[in-house]
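Take a look at the letters that make up each chain.
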Number of protein chains: 2
Amino acid sequence: MAPPSPSTQRDRIVIIGAGFGGFQAAQSLAGATADVLLIDRNNYHTFVPLLYQVATAQLEPSLVAYPVRTKLRGMRNVRFLQAEVKRVDFHHKLVDLGDNLIPYDYLVVATGAAVHDYGVPGVAAHAFTLQSLREALELRNHVLQCCEQAAFITDDRERQRLMTFAIVGGGATGVELAGALAEWLRGAVRRDFSELSDWGRVMLLQAGSSLLPEFPQRLGNYTHRQLEQLGVQVSLNTKVTACSEQDVKLSDQEAIATATVVWAAGVTANPPTLAQPSHQKAKGKLALRETLQLVEHDNVYAIGDVAYFEQSGEPLSGVAPEALQQGVAVARNLRRQLAGDSPRPFRYLNKGRLAIIGGYGGVGSVLGVNFGGWLPWLMWLLVHVVYLPGYRSRLLVLLTWVQNYVMGDRALRQLSAHTDAKH
Amino acid sequence: MAPPSPSTQRDRIVIIGAGFGGFQAAQSLAGATADVLLIDRNNYHTFVPLLYQVATAQLEPSLVAYPVRTKLRGMRNVRFLQAEVKRVDFHHKLVDLGDNLIPYDYLVVATGAAVHDYGVPGVAAHAFTLQSLREALELRNHVLQCCEQAAFITDDRERQRLMTFAIVGGGATGVELAGALAEWLRGAVRRDFSELSDWGRVMLLQAGSSLLPEFPQRLGNYTHRQLEQLGVQVSLNTKVTACSEQDVKLSDQEAIATATVVWAAGVTANPPTLAQPSHQKAKGKLALRETLQLVEHDNVYAIGDVAYFEQSGEPLSGVAPEALQQGVAVARNLRRQLAGDSPRPFRYLNKGRLAIIGGYGGVGSVLGVNFGGWLPWLMWLLVHVVYLPGYRSRLLVLLTWVQNYVMGDRALRQLSAHTDAKH
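Residues numbered from 1 in each chain as written. Chains lettered and ligands numbered in written order. Predicted model: local features only at pLDDT ≥ 70, side-chain atom pairs only at ≥ 80, totals over all residues.

Our next topic: the overall build of chain A. Looking only at helices and strands, one finds eleven helices and 26 strands in chain A. In terms of overall dimensions, chain A is globule-like: its C-alpha atoms have a radius of gyration of 23 Å, near the 22 Å expected for 423 residues. On the principal axes, the C-alpha backbone points of chain A span a range of 75 × 50 × 45 Å. Among the 423 residues that make up chain A, the fraction classed as buried is 50%. (Helix = DSSP H or I, 4+ residues; strand = E, 2+ residues; numbered from the N terminus. Rg over C-alpha atoms; globule rule 2.2 N^0.38 Å. Buried ≥ 20, exposed ≤ 12 C-beta atoms within 10 Å, placed from the backbone.)

Below you can see the structure in the form of structure tokens.
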């Protein structure tokens, strides 16, 4: 068929969310015969896998936040709008921004995930989370604030409470954060606060029977040993039943006095408010066809953590490569639809899985081979620096890592000027 | 006389404020025969002269905020306490932290300056200022937010209001900020927001009859021409009578519609609350003897912007080198007092004065020679990178400048995660 002439009224594609999926979809639609509008509440793309390094004062916040407009500079058909989406109306094909209605012909919902507290009391009010740059900075500031307070306190019990850091959830985020926090307390914190040398205590509370359940048991055990070498107290089969400003309560009635509970125990889909009901799967995820279109709507796609996609009978696990590949696929399918062709099924190509622990240790499952040690640790760092957007960020992250790991120190110990303490 | 034996109860010196004066005093007291306690509300030292570069997205916030504890690591007799000082009691020799009383034998008041609004209505509520890292980030976020809003607005008047930036005060801060803001709008902002190419408007409102009144008139005129070449609209003899969310009002009844008023028109001393009255001079500054001791108290010193010091019949002008030299001098005098000797008069050695404008232009008065052009511009940059604390910060600031000036671009366009919008 003939290409649409330039004088034709062009279709408008709206993408909600500039995370891995949405940001990739926008880039993959550069030059398409449609006007693309990417909407996000922030004007930057957050590189979520490195947020734990911001929270532990390893990386500058700006290195994990890439300005969306900079990436879109050369793309004439892609625009960006910083706004909060209030509601989506599939029938009238409108995205409601509160003070503005944006019409679309095609829609990509890529709004990601939110923290899931499983109804545990106190989590929403008192626990720290690691979903956004803001949250990572809040955690960093809070840890530093705890150290500053603990350094001048005479009451040993209160000092121990301030220097106890409880992390809930033994998946990748919890493991990464526990390792990095332990390294921080042993290294830079100890150098800056000689009076706190022996007080730092990191606890990792895991409800399941092993760490990193998405990896083979052997690697979970390796992770467990590695974390204990770093000084982390790992508790398996330990459910959290409540948390407060003063402590975290466990299912065996024990209460651990702590000023810091980090909730890394799970996420749930975070779709925009929908004017019409849509078929949802586990954890509120939108139900998809295999083409990534919503079950009910030919012109609406969903990708990333907000979408439910099964492959070989298993749902995707919610990692960045899945969202990135879906972003590419959705762009390809949209181009097909614009050209009058029908969309094609998506298939995720799993290149493997890596997790970093700390102390130069990591674990990996790549091409069917499972391994723990310094090799997956190094691979994790390299993969993440390669996928980080922007040459400047890549270079500076690399330099920062070299400095951190060679010197065992942290360059970023100051508090942010914005101390929005949670407690 | 014999040196005090180690078994003697050591004197305690408390320094309030980790700005240029206080931070320097603490460092210069390393190894003294007294315990030194440095108190600041932040755990970092802010390099104030570069804040305008943070506000205009040229520098990472962390590069101008140096963690106090890191600098004090090797000093056994110097400790740091992050706290807000509520009150100082000279008679009982106590610093009151609200929940804690800190006794001192010697005190150094180095609490700096606060913005002075001269009673102009609306300034406190609506104007942006540049005294702290937090304020610099607020201004940066606000400018970016104005651009994001202006890019999607259809009302031309509102768009013009959002893209008009009024800076009040033609001293060094106002000039530096006006130049940097104009460069930013012409460069990186224009690249990211093609729809805003011709809308950016920077106004510099100066009450006096020339810019940079602390320099000879000829250099003020040079600065005026240089700023106009950068696109800044300079208004001399223009007093601001009020400002609001909507506009800034001038003494000739004119109102300029703007969403951004930056108040750089002056500062006042910011002493802690004093339990006893103390002799104060112009702008609330504490009256000193020529040894930097308070007029009333042998054991209390004041330095920097909180102190009034005259030399050759003129008060010091409130720049960083003055505070730094006073910090060194106060440490020397304290060591003399500890040894039973009497303090010596302070004398400021003026090495000259530089101001940066932008567009590779600056002005300087060094050793009696007045000059404008690229040489003082370059000297300004070099001097500030040399005085910046920390090798890492120096290196990264240098690299960032090379990148910014060579590429005419800004690497730091994203909003902070903490958007505490003032309006």
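What follows picks up the thread again.
Residue and element names in this part refer to chain A. Two numbers describe how helix α1 (residues 20–28) lies on helix α9 (residues 320–338): the axes approach to 7 Å, and their chain directions differ by 30°. As α1 runs across α9, the sense of the crossing is right-handed. Contact residues: α1 offers F20, G21, G22, Q24, A25 and S28, while α9 offers A320, A323, L324, Q326, G327, V328, V330 and A331. Classifying every residue of the contact of α1 with α9 by side-chain character gives eight nonpolar, six polar and no charged. (Axes fitted to C-alpha atoms, helices over the stretch in contact; angles between N-to-C directions. Left-handed = near helix turned anticlockwise from the far one by under 90°. Contact = placed C-beta atoms within 7 Å. Nonpolar A, V, L, I, M, F, W, Y, C, P; charged D, E, K, R; others polar.)

Residue and element names in this part refer to chain B. Looking at where S278 falls in the secondary structure, it is placed in the loop between β18 (267–269) and β19 (286–287). Given 18 C-beta atoms within 10 Å, S278 falls into the partly exposed group. Taking C-alpha positions, S278 is 9.4 Å from H297, a pair spaced 19 residues apart along the chain. Once residues lying within four places of it in the same chain are set aside, the contact partners of S278 are L286, L294 and E296.

Domain boundaries in chain A define domain 1 (11–41 + 83–115 + 267–338) and domain 2 (123–265 + 352–407). Here the C-alpha centre of domain 2 of chain A lies 32 Å away from the C-alpha centre of domain 1 of chain A. (Domains from an automatic or database assignment.)

Residues and elements named next belong to chain A. Non-glycine residue L292 carries a positive phi angle of around 80°. The residue Y360 is not glycine, and still its phi comes out positive at about 60°. Along the chain, Y360 falls in the loop between β24 (353–358) and β25 (361–366).

Residue and element names in this part refer to chain A. Most of strand β2 (residues 34–40) sits inside the fold, with five of its seven residues counted as buried. With six bridges joining them, strand β1 (residues 11–16) and β2 adopt parallel strand pairing. Paired with I16 across the strands is I39, a residue of β2. Between the parallel pair β1 and β2, the chain is carried across by α1, and the sense of this crossover is right-handed. Where β2 meets strand β5 (residues 78–82), five bridges bridge the pair, whose relative direction is parallel. (Pairing = 2+ DSSP bridges. Right-handed = clockwise from strand over helix to strand, strands pointing away.)

Once that is clear, we can look at helix α10 (residues 374–387) of chain B. Residue and element names in this part refer to chain B. The end-to-end C-alpha distance of α10, which contains 14 residues, comes to 20 Å, matching closely the 20 Å that a straight helix rising 1.5 Å per residue would cover. Taken as a whole, α10 has its buried residues at P376, W377, W380 and H384. Viewed along the axis of α10, the buried residues span an arc of 110°, placing them on a single side of the element. Projecting away from the buried face of α10 at angles above 90 degrees are the exposed residues W374, L382 and V386. Buried residues along α10 sit in contact with β24 (353–358), β25 (361–366) and β26 (369–373). (Expected span 1.5 Å × (residues − 1). Arc of directions from axis to C-beta.)

Residue and element names in this part refer to chain A. Read from one edge of the open sheet, three strands run β14-β15-β16, paired in antiparallel fashion. A single partner strand is all that each edge strand has here, and the edge strands are β14 (240–243) and β16 (255–257). Averaged over all pairs of adjacent strands, the angle between strand axes in this sheet comes to 20°, irrespective of strand direction. As defined by bridge partners, strand β15 (residues 247–250) adjoins β16 across three bridges and the pair is classed as antiparallel. Among the inter-strand pairings, D247 is bridged to a residue of β16, identified as A257.

Once that is clear, we can look at the environment of F80 of chain B. Tracing the backbone through its elements, the reader meets F80 of chain B in strand β5 (residues 78–82). As a C-alpha pair, F80 of chain B and Y301 of chain B span 221 residues in sequence and 19 Å in three-dimensional space.

Below, the discussion takes up the sheet that holds strand β8 (residues 101–103) of chain A. In sheet architecture, strand pairing relies on hydrogen bonds along the backbone and comes in two forms, parallel and antiparallel. All names here are of chain A. Strand order in the open sheet made by the three strands is β6-β7-β8, with antiparallel pairing throughout. Two strands in the sheet have a free side with no partner beyond their single neighbour: β6 (87–89) and β8. Direction aside, neighbouring strands of the sheet carry axes that sit 20° apart on average. With three bridges joining them, β6 and strand β7 (residues 94–96) adopt antiparallel strand pairing. Across the sheet, the residue bridging to D89 is L94, located in β7.

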